[in-house]
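Structural characterization, general
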Amino acid sequence: DVKVTQSSRYLVKRTGEKVFLECVQDMDHENMFWYRQDPGLGLRLIYFSYDVKMKEKGDIPEGYSVSREKKERFSLILESASTNQTSMYLCASSLQGTSDTQYFGPGTRLTVL
Amino acid sequence: QQQVKQSPQSLIVQKGGISIINCAYENTAFDYFPWYQQFPGKGPALLIAIRPDVSEKKEGRFTISFNKSAKQFSLHIMDSQPGDSATYFCAAGGGFQKLVFGTGTRLLVSP
């Protein structure tokens, strides 16, 4: 079974802190994604990566950056956390392109105070 | 921004009934339409998907109906069970298009 793990299930940070969310997949997938999930807004794509060291902006990249130094690991970085970044963050991976099944991690619920 | 509009936002169905969730899309370049199911505390998981070369796809109690001319697709859950209570997301993508998700439908199947 494909497994996507996220470093934390719950995280509480203060405004202005630098926050790292880590995601690891164990199936040698090419593509990895970061979404945020908010009630009534569904899943919105923040960034995705189709190869090591490659990244593409999604629909809501402002205030975020990403890093993919190894194929299995994709990190989401909040350079200076703000209260409007309080959300559920979901990582996903897929073998091929956007027509392929995306496998999601359990999510990290981030609260910024 | 490309959108996928999903309705209803929430749905309550009696056990044994039919649950129907609808989605509409705008971008005619989309050629892949998956549905994801999410239980509380879990990430979404692929439930069923369809491509526009067929008008219907059935897997067990779950059926996707697809209307290309209307740019609409829907999920039907037959004989709904309490274990089907979850949030359902439709999505559209394919080709060079990023997957775009609907806003979700919270389904509650009452015993």
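Residues numbered from 1 in each chain as written. Chains lettered and ligands numbered in written order. Predicted model: local features only at pLDDT ≥ 70, side-chain atom pairs only at ≥ 80, totals over all residues. Heavy atoms only, no water.

**A word on the pattern of salt bridges**
Residue and element names in this part refer to chain A. To keep things clear, this is the line we draw: For this document, the term salt bridge refers to a Lys or Arg side-chain nitrogen within 4 Å of an Asp or Glu carboxyl oxygen. Think of it this way: any DSSP run of H or I at least four residues long counts as a helix, any run of E at least two long counts as a strand, and we number them from the N terminus. For the exposure calls, accessible area comes from a 1.4 Å probe over protein chains only, and a residue counts as buried if that area is under 20% of its type's maximum, exposed if over 50%, partly exposed in between.
Here the structure, examined in full by the defined rule, presents 8 salt bridges over all chains. One salt bridge connects E69 with K53, and the closest N-O pair in it is separated by 2.4 Å. Linking E69 in strand β7 (residues 64-70) with K53 in the loop between β5 (42-49) and β6 (56-57), this pair joins segments that are 16 residues apart in sequence. Relative accessible area serves as the criterion here: at 52%, E69 is assigned to the exposed category. By relative accessible area, which is 57% here, K53 ends up exposed. Each member of the salt-bridge network shares a partner with another, and the members are D28, E30 and K71.

**A few points about the interface of chain B and chain A**
For the record, the criterion: In this analysis, two residues are considered to be in contact whenever any of their non-hydrogen atoms come within 4.5 Å of each other. Buried area, as used here, totals the accessible surface that two parts lose on assembly, with accessibility defined by a 1.4 Å probe and the loss added over both. For this analysis, a polar contact is any N or O atom pair within 3.5 Å, provided that within protein one partner can donate a hydrogen and the other can accept it, and provided that sequence-adjacent residues contribute only side-chain to side-chain pairs.
Taken together, the contacts link 21 residues of chain B with 21 residues of chain A. In total, chain B and chain A occlude about 1,600 Å² of area from one another, counting both sides; carbon and sulfur atoms represent 54% of this. Looking at the side of chain B facing chain A, the largest losses of area belong to P44(B), K98(B) and F101(B), adding up to 31% of the total buried there. Seen at the junction of chain B and chain A, the total is 0 salt bridges. Where chain B touches chain A, the interface holds 3 residue pairs in polar contact (both at pLDDT 80 or more).

**Focus on the sheet that holds strand β8 (residues 73-78) of chain A**
Within a sheet, adjacent strands bond to each other through the backbone by hydrogen bonds, running parallel or antiparallel. All names here are of chain A. Let me state the cut-off plainly: Between any two strands, pairing holds if DSSP finds at least two bridges. Interaxial angles span 0 to 180 degrees and are taken between N-to-C directions of axes, which are lines fitted to C-alpha atoms, for helices over the stretch in contact.
One open sheet holds the 4 strands; their spatial order is β1-β3-β8-β7, and the pairing between them is antiparallel. Strand pairing shows two members of the sheet lacking a second neighbour, β1 (4-6) and β7, which therefore form its edges. Each adjacent strand pair in this sheet contributes to an overall mean axis angle of 20°, direction not counted. Examined bridge by bridge, β7 and β8 share 5 bridges and lie antiparallel to one another. Looking across to β8, one finds that Y64 is bridged to L78.

**Notes on the sheet that holds strand β7 (residues 62-67) of chain B**
Residue and element names in this part refer to chain B. With respect to topology, 5 strands assemble into an open sheet ordered β1-β3-β8-β7-β6, the strand pairing being antiparallel. The open sheet terminates on both sides in strands that have one partner only, identified here as β1 (4-7) and β6 (56-59). Across the sheet, the mean angle from the axis of one strand to that of its neighbour is 15°, orientation sign disregarded. Pairing between strand β3 (residues 19-25) and strand β8 (residues 72-77): 6 bridges, direction antiparallel. Bridge pairing in β8 links S19 to I77.

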